[in-house]
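Breakdown of the fold
One-letter residues, chain by chain:
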Amino acid sequence: MSLTDFQIDEIRREYDKKLLQDKHQQNERIREINQNLPRIAEINSEIASLSTGVASDLLKRGISDPDKRKQAMEEYHKKIDALRKEKTSLLTSNGYAADYLDMHYTCPDCKDTGYIDNKKCHCYKKAEINMLYNQSNLGNILDKENFKTFNLAYYSKIEDPVEKTSPYERIKDILKVCKTYMDEFDKPDKTYSNLIFFGKPGVGKTFLTHCIAKDILEKNHSVIYLSSIRFFKILSHASFDKNYDNTGNRQLKEINNCDLLIIDDLGTELTNSFTISALFEQVNERILNNRSTIISTNMGFKELITTYTERVTSRFDQYYTYLNVIGDDIRQKI
């Protein structure tokens, strides 16, 4: 999916605004200089006159010989160069930068067009990513919670008697799965299509979803992050609210079409027949459309089956990879 047509148009409008602002600021600088250094206005007028009048002047003088025409053109260029040097000297001697009257761009590389040789400029790609970040509902949290800040030291190396492995070894295995998931995100035959992080509260499940979200966003994919409560609230409004507005329709469309949907804390919502049915529909539709989903929950296998019925969990069993995060509550350690 990446960006919608509306979002692309919004980015293009921002570039149009930049160019208008660039031109407005240049005009303001020109007015300032014309007022303070009137000779520069005269120089600009002389340069314009020489540039536009050279062809007609050569015709009037009857110069048709190629060598003489070349010599005459060189004379014109010398006059124009001399005028430009005089203008630069006037500017710099009066405390202005030599390029003060030029267009000043936010991005000099693409000159605020967004493109270089019909290819997206780095600033345009950054604008796309910023748009995706704004859409994701994650705000600035990914600056703090990402794989660079993920700390293995919070996971004990003492073996868990039930799991027969230590939290440290388990999280290392989970991180390998996460890396494969991200590396293969664009591949049709990817090893992991969907993930479920489960385990006790505070072991880092939500943190892991944030880490993955940042990586996928940086690859220019759309990510929508929603708490379970907000996720079902949007679906409920779409189904039952007669006054459902354009904002709600946009949210539902983003949920349906985003490249990665993250549902955090599944099980914290008020579970009823609607939420079970809506969850199955969303999970099933995203599987059919080959769109990835990540779920985090404090529930175990039995609780998931009891709460959401085998109809839903059968989809989990077939199309999701379960990742059991073990350990102590990291928030208490912090």
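As shown above, the structure is provided for reference.
Summarised in this report is the structure supplied together with it. (Residues numbered from 1 in each chain as written. Predicted model: local features only at pLDDT ≥ 70, side-chain atom pairs only at ≥ 80, totals over all residues. Heavy atoms only, no water.)

1. A short note on the overall build of the protein chain
Definition in use: Numbering of helices and strands runs from the N terminus, with a helix taken as a DSSP run of H or I at least four residues long and a strand as a DSSP run of E at least two residues long. What the globule rule says is 2.2 Å times the number of residues to the power 0.38, and the radius of gyration is computed from C-alpha atoms. Burial here depends on accessible area, computed with a 1.4 Å probe over protein chains only, as a share of the maximum for the residue type. Under 20% is buried, over 50% is exposed, and the range in between is partly exposed. Any two residues whose heavy atoms approach within 4.5 Å at even a single point are treated as in contact. All accessible-area figures derive from a Shrake-Rupley calculation using a 1.4 Å probe, and residue coverage is judged against the displayed protein chains alone.
Secondary structure summary: the protein chain contains twelve helices and seven strands in total. The C-alpha radius of gyration computed for the protein chain amounts to 31 Å, which surpasses the reference 20 Å derived for 334 residues by more than 25%, pointing to a less compact arrangement than a globule. Counting every position in the protein chain, which comprises 334 residues, the buried fraction comes to 39%. Of all intrachain contacts in the protein chain linking residues separated by at least 6 positions in sequence, the fraction that spans at least 24 positions is 76%. Counting every atom, the protein chain has about 19300 Å² of accessible surface; 50% of that belongs to carbon and sulfur.

2. Let's talk about the environment of Gln 21
The residue Gln 21 is located in helix α1 (residues 5-36) in this model. Residues Gln 21 and His 104 lie 83 residues apart in sequence; the distance between their C-alpha atoms is 9.8 Å.

3. Observations concerning the nonpolar core
Note on soluble globular proteins: their nonpolar side chains tend to be buried together. Test applied: Buried residues of nine kinds, namely Ala, Val, Leu, Ile, Met, Phe, Trp, Tyr and Cys, make up a nonpolar core once their side-chain atoms join them within 4.5 Å.
If you look at the biggest cluster of nonpolar residues, it comprises 42 residues, and the most contacted ones within it are Phe 197, Leu 208, Ile 212 and Leu 260. Counting residues per element, the ones that place at least two in this core are α1, α4 (122-136), α6 (167-183), β3 (194-198), α7 (205-218), β4 (223-227) and β5 (260-266). With sequence-adjacent residues up to four places away left out, Phe 197 is seen in contact with Ile 174, Cys 178, Lys 205, Leu 208, Thr 209, Ile 212, Ile 294, Ile 295, Ser 296, Thr 297, Leu 323 and Val 325. Phe 232, Phe 280, Met 299 and Tyr 320 belong to the second largest nonpolar core, which has 26 residues in total.

4. A closer look at the pattern of salt bridges
Rules: Criterion for a salt bridge: a side-chain nitrogen of Lys or Arg within 4 Å of a carboxyl oxygen of Asp or Glu.
Scanning all chains against the criterion turns up twelve salt bridges. Here Glu 86 and Arg 39 are joined by a salt bridge, their closest N and O atoms 3.0 Å apart. Pair noted here: Glu 86 is in helix α3 (residues 66-93) and Arg 39 is in helix α2 (residues 38-60), with a separation of 47 residues, a long-range link. Residue Glu 86 is classed as partly exposed on the basis of its relative accessible area, which comes to 30%. Of the charged contacts in the structure, one is a salt bridge between Lys 120 and Glu 128, with a shortest N-O distance of 2.8 Å. Of the residues examined, Glu 128 reaches a relative accessible area of 5% and is grouped as buried.

5. Remarks on the packing of aromatic side chains
Remark: the centre distance and the inter-plane angle together describe each pair of aromatic rings, the angle taken between the planes. The following threshold applies: Put simply, two rings from Phe, Tyr or Trp (the six-membered ring, in Trp's case) pair if the centres are within 6.5 Å, and we call them stacked under 30 degrees between planes, edge-to-face over 60, tilted for the rest.
For the structure on display, the rule yields eleven aromatic pairs. Taking 5.6 Å as the distance between ring centres and 20 degrees as the angle between the ring planes, the aromatic pair formed by Tyr 15 and Tyr 124 counts as stacked. Residue Tyr 15 is found in helix α1, and its partner Tyr 124 is found in helix α4; the two are separated by 109 residues along the sequence. Under the relative-accessibility criterion, Tyr 15 is labelled buried at 2%. Note on Tyr 124: relative accessible area 2%, which makes it buried.

6. Structural notes on the pairing of β5
Across a regular strand the side chains alternate sides, sitting on one face of the sheet and then on the other. Operational definition: Strand pairing is defined by DSSP finding a minimum of two bridges between the two strands. By convention a crossover is right-handed if, when the strands point away from the viewer, the path from the first strand over the helix to the second runs clockwise.
The buried fraction of β5 amounts to six of the seven residues, a majority that puts the element mostly inside the structure. Judged from the five bridges that link them, β4 and β5 form a sheet pairing that is parallel. The residue of β5 that forms the bridge with Leu 226 is Ile 263. In the sheet, β5 pairs with strand β6 (residues 292-297) via five bridges, with the strands oriented parallel. Residue pairing for β6: Leu 266 is matched across the bridge by Thr 297. Following the backbone out of β5, through helix α10 (residues 273-288) and into the adjacent parallel β6, one traces a crossover that is right-handed.

7. Considering the side chain of Asn 194
In plain terms, the rule: Any pair of nitrogen or oxygen atoms within 3.5 Å is treated as a polar contact; in protein, a donor-acceptor pairing is required on top of that, and neighbouring residues in sequence qualify only through side-chain atoms on both sides.
Here Asn 194 shows up in strand β3. Separated by 3.1 Å, the side chain of Asn 194 and the backbone oxygen of Tyr 319 make a polar contact. If sequence neighbours within four positions are ignored, Asn 194 has contacts with Tyr 181, Arg 291, Ser 292, Thr 293, Tyr 319, Tyr 320 and Thr 321.

8. Observations concerning the packing of α4 against α7
The condition is simple: Angles run from 0 to 180 degrees between N-to-C directions of axes, and those axes are lines fitted to C-alpha atoms, restricted for helices to the stretch in contact. Crossings are sorted by hand: turned counterclockwise from the far helix by less than a right angle, the near helix makes the crossing left-handed, and turned clockwise it makes it right-handed.
The geometry of α4 relative to α7 is characterised by a closest axis approach of 9 Å and an angle of 145 degrees between their N-to-C directions. When you trace α4 past α7, the crossing you get is right-handed. Contacts between α4 and α7 involve Ile 129, Leu 132, Tyr 133 and Ser 136 from the first element and Lys 214, Leu 217 and Glu 218 from the second.

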